[in-house]
Amino acid sequence: MTMEHLRDCEAREWIARYRKKHLEEGRGEAIEWWNKTIAEIAKKRGQKQADDLKRRMNIQKELDAIRRKG
């Protein structure tokens, strides 16, 4: 597996965790949780890596939307 593939898998995993949190605790709690989580990721890995994760998550969400329409 390449690092690109692993990073894309991580993005999909974080999307799934966010959606689960949203369903279980509501949108506000999920947003608050995500903001804390991404801040921790930035602290541990650096802001560049946190931004890359968010970018990959947005790409995955767009691909999911296209697949649902398709």
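Just so you know, the residues in each chain are numbered from 1, in the order the chain's sequence is written. Restriction of local features to residues with pLDDT of at least 70 applies here, the model being predicted, together with a cutoff of 80 or more for giving and counting side-chain atom pairs; totals for whole chains, interfaces and linings are based on all residues. Side-chain measures were taken over the full set of non-hydrogen atoms in the model, leaving aside hydrogen atoms and water.

(A) Structural view of the packing of aromatic side chains. Centres within 6.5 Å make a pair out of two Phe, Tyr or Trp rings, where for Trp the six-membered ring is used; the pair is then stacked when the planes are under 30 degrees apart, edge-to-face when over 60, and tilted otherwise. Here the structure, examined in full by the defined rule, presents three aromatic pairs. Pairing Trp14 with Trp33 gives two aromatic rings, centres 6.0 Å apart and planes at 45°, and the pair type is tilted. With Trp14 in helix H1 (residues 3-25) and Trp33 in helix H2 (residues 27-45), this residue pair connects regions lying 19 residues apart in the sequence. Relative to Trp34, the ring of Trp33 has its centre 6.1 Å away and its plane inclined at 50°; by these criteria the two rings are tilted. Taking the ring centre of Trp14 as reference, the NZ or CZ of Arg17 above it sits at 4.6 Å. By definition, any uninterrupted DSSP run of H or I lasting at least four residues is a helix, any uninterrupted run of E lasting at least two residues is a strand, and each is numbered from the N terminus. Criterion for a charge above a ring: Arg CZ or Lys NZ at most 6 Å from the ring centre, at most 35 degrees from the ring normal.

That's the geometry; what it means functionally is another story.
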